[in-house]
Amino acid sequence: MKEKLYIFDTTLRDGAQTYGVDFNVDEKKLLAKKLDELGVDYIEGGWPGANATDTKFFNEDLKFENSMFTAFGMTKKTGRSAENDPGLAAMININAPSACVVGKSWDFHVDLALRITNEENLENIGESVKFLAKTKKEVHFDAEHFFDGYKSNPNYAIDCLKAAKSNGARWLVLCDTNGGTLPHEVEDIVSKVSKEISGDHLGIHAHNDTGNAVANTLAAVRAGVRQVQGTINGLGERCGNANLISLLPTFAFKNEFENKFDLSINRERLNLLTELSRLLDEILNRVPNRTAPYVGSSAFAHKGGLHVSAVNKDPKTYEHINPELVGNQRQIIISEQSGKSNILSKLKSAGIEVNEDDKTIQKILDRVKEREFNGYSYDGADASFEILVNKVLGKMPEYFEVISFNVNVQNSGEEGQTMSEASVKLKIDITKDFLHGFFFGEDQARYLVEVSQNKLEQIEVDASKSAVKIERIGEIGGTSISINSIGEIELSSLIDHHTKWFNEF
Ligand SMILES: [Zn+2]
């Protein structure tokens, strides 16, 4: 009989406290929806009453299919009843069935930060939990600085947990708030704590200040905790929280954990992880980390010719799991170091059929090496590689020719007064169908219609106002020219893996 391991996501609370992160209500709603779809047990939405965004978010009356929506807050202040504490009132007055209340468990903090007695702190924990437990289905007690507290005064740290438990807390979460505890210490301390309090009431909340948040979480689970707190991509204060994107597949696909634990998250749903990780990067306007475990674009990338030929025989030779389990994919990197096996494998995944003995393979390889010698790189530039192949094969259609372009950036001398102007002169054969697929901004669209009607062979696109993008619509790829507001011009051809594109033209 497997034990249940509960997953608690705090991206929208601890993650939101990260330097440079500022979610708005819509972004929180989108992420919460995705986490619910994935099926985490708890979604901590934020701190109602502490800021306008979180207060509004909790008043949205959100519905969750799988996850329990959780509000965060602090234990009551000394000298005030729980009923009269505005922070606790904000947690009660919203529609979240679960509450997570943070309190001190390190006597040093009780004395120095709160300037109250140890007994007063125990009372604050107990009364706050009791008050929340009257209306909430589940109460989590986040024992702040638990590991430092345990090292300083183990009996008191345990007493803090017991004060919460005896007043109705479902979970007692051991927080490594400063993030300085190491895996062997976590394992040792959790083992001792779980002799006094059953592990199915204990959680772990690890920070990554020594790069060990994931390792500390695994150590805590091995030693007995059954609730794991973390965030998408390890977002969180300072160096971040434990990364759920690394933890979830480890729990689901690594033997020791897979054989011992059940998750609420269906293992098949973990193929949403890559998408979820990139969604967060997109919201934060960050470039995805290529080397992120499990979901990075390099996580299953093979470059050396020897590796590639082995992977082609059996992916297990250089892959610890099947990338599709987490929604990622195998990448065969094309570079100067490539052998024929890289080229063949890449051609296969692009749907381009070439005979294995074909001299064309050598021709493609030679062309790649020649281009890389001249400073180009096909490492991660799949579309460019496909264009190169099709040029070598003589299958590359010509859509237009850039006659000339001109980019002009001016500054009047005042800050913020920079103006960019650009124009591109293209030669386009307007008798071809593909023109209808182009997409323009309003002015350019009108201009193009006029040009088409007059059957001119050249058009000029004036990009004096803002960015211009010319793209084919639809999923079958195309060509784009873009000029951004600081005057950079980029010309690129995008082809995806639908072979239909080549058949059409
Ligand atoms: Zn934290």
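The following refers to the structure shown.

Calculation notes
Residues numbered from 1 in each chain as written. Predicted model: local features only at pLDDT ≥ 70, side-chain atom pairs only at ≥ 80, totals over all residues. Helix = DSSP H or I, 4+ residues; strand = E, 2+ residues; numbered from the N terminus. Buried ≥ 20, exposed ≤ 12 C-beta atoms within 10 Å, placed from the backbone. Contact = placed C-beta atoms within 7 Å. Axes fitted to C-alpha atoms, helices over the stretch in contact; angles between N-to-C directions. Parallel < 35°, antiparallel > 145°, perpendicular 65-115°, else oblique. Left-handed = near helix turned anticlockwise from the far one by under 90°. Nonpolar A, V, L, I, M, F, W, Y, C, P; charged D, E, K, R; others polar. Core = buried A, V, L, I, M, F, W, Y, C linked by C-beta atoms within 7 Å. Domains from an automatic or database assignment. Arc of directions from axis to C-beta. Pairing = 2+ DSSP bridges. Right-handed = clockwise from strand over helix to strand, strands pointing away.

## Some words on the overall build of the protein
Move 1: If you tally the helices and strands in the protein, you get 18 helices and 18 strands.
Move 2: Within the protein, the fraction of its 505 residues that count as buried is 38%.
Move 3: Residue pairs in contact within the protein that sit at least 24 positions apart in sequence constitute 70% of those at least 6 positions apart.

## Things to note about the packing of helix H8 (residues 183-196) against helix H9 (residues 213-223)
Move 1: Between H8 and H9, the shortest axis-to-axis distance is 8 Å and the interhelical angle comes to 30°. In terms of orientation, H8 lies roughly parallel with respect to H9. Once H8 is placed against H9, the crossing between them reads as right-handed. Of the residues in H9, those in contact with Pro183, Val186, Glu187, Val190, Ser191 and Ser194 of H8 are Ala215, Asn216, Ala219, Ala220, Arg222 and Ala223.
Move 2: Its residues assigned to classes, the contact of H8 with H9 comprises seven nonpolar, three polar and two charged.

## A short note on the nonpolar core
Move 1: Within the largest apolar cluster, 101 residues are counted, with the highest numbers of intra-cluster contacts made by Phe141, Ala143, Ala164, Leu172, Leu174 and Leu248.
Move 2: Split by domain, this core shows at least three residues from each of two domains, domain 1 (3-265) and domain 2 (301-392).
Move 3: In this structure Ala164 touches Ile125, Val129, Phe141, Ala169 and Leu172, once residues within four positions along its chain are discounted.

## As for the environment of Ala96
Move 1: Tracing the backbone through its elements, the reader meets Ala96 in the loop between helix H3 (86-92) and strand E4 (98-104).
Move 2: Residues Ala96 and Phe69, spaced 27 residues apart in sequence, show a C-alpha to C-alpha distance of 5.2 Å.
Move 3: When neighbours within four sequence positions are excluded, Ala96 is seen to be in contact with Gly45, Phe58, Phe69, Thr70 and Ala71.

## Observations regarding unusual backbone geometry
Move 1: The backbone phi angle of Arg238 is positive, close to 55°, even though this residue is not glycine.
Move 2: As for its placement among the helices and strands, Arg238 is situated in the loop between strand E8 (227-230) and helix H10 (244-253).
Move 3: For Arg238, a count of 13 C-beta atoms within 10 Å gives the class partly exposed.
Move 4: Of note in the backbone geometry, Tyr294 takes a positive phi value of approximately 70° without being a glycine.

## Notes on helix H16 (residues 382-392)
Move 1: Burial in H16 covers these residues: Phe385, Glu386 and Val389. Taken end-on, H16 shows its buried residues confined to a sector of 100°, consistent with a single buried face.
Move 2: Against helix H14 (340-349) and helix H15 (359-373) lie the buried residues of H16.

## As for the packing of helix H1 (residues 25-38) against helix H12 (residues 273-283)
Move 1: With their axes 11 Å apart at the nearest point, H1 and H12 run at an angle of 175° to one another. It follows that H1 is roughly antiparallel to H12 by the angle criterion. Of the residues in H12, those in contact with Glu27, Leu31, Lys34 and Leu38 of H1 are Leu276, Leu279, Leu280 and Ile283.

## Re the pairing of strand E6 (residues 171-176)
Move 1: Summarising burial for E6: six of the six residues are buried, a large majority.
Move 2: The side-chain alternation of E6 yields two buried faces, one formed by Trp171, Val173 and Cys175 and the other by Leu172, Leu174 and Asp176.
Move 3: Bridge count between strand E5 (residues 138-144) and E6: four bridges; the pairing is parallel. Looking across to E6, one finds that Phe141 is bridged to Leu172.

## Concerning the environment of Tyr318
Move 1: Mapped onto the elements of the fold, Tyr318 is located in the loop between helix H13 (305-313) and strand E11 (331-332).
Move 2: Contact partners of Tyr318, with chain neighbours within four places excluded, come to His302, His307, Ala310 and Val311.

## A word on H9
Move 1: A large share of H9 lies buried, amounting to eight of its 11 residues.
Move 2: Three or more residues of H9 are buried, namely Ala213, Val214, Asn216, Thr217, Leu218, Ala219, Ala220 and Val221.
Move 3: Next to the buried residues of H9 lie strand E1 (3-9), E6, H8, strand E7 (202-206), E8 and H10.
Move 4: Where H9 terminates, the next one or two residues include Gly224, which has phi positive at roughly 135°.

## Topic: the pairing of E4
Move 1: Counted residue by residue, E4 has seven buried out of seven residues, so it is predominantly covered.
Move 2: Covered by surrounding structure in E4 are Ser98, Cys100, Val102 and Lys104 together with Ala99, Val101 and Gly103, the residues of both alternating faces.
Move 3: Direction of pairing for strand E3 (residues 68-74) relative to E4: parallel, over a ladder of five bridges. When the sheet's bridge partners are listed, Thr70 is paired in E4 with Ser98.
Move 4: In the classification by handedness, the crossover that spans E3, the intervening H3 and the parallel E4 is right-handed.

## Quick notes on the environment of Leu244
Move 1: Within the fold, Leu244 resides in helix H10.
Move 2: Owing to 31 C-beta atoms within 10 Å, Leu244 belongs among the buried residues under this scheme.
Move 3: Residues contacting Leu244, with those up to four places away along its chain left out, are Ile7, Asp9, Gly230, Thr231 and Ile232.

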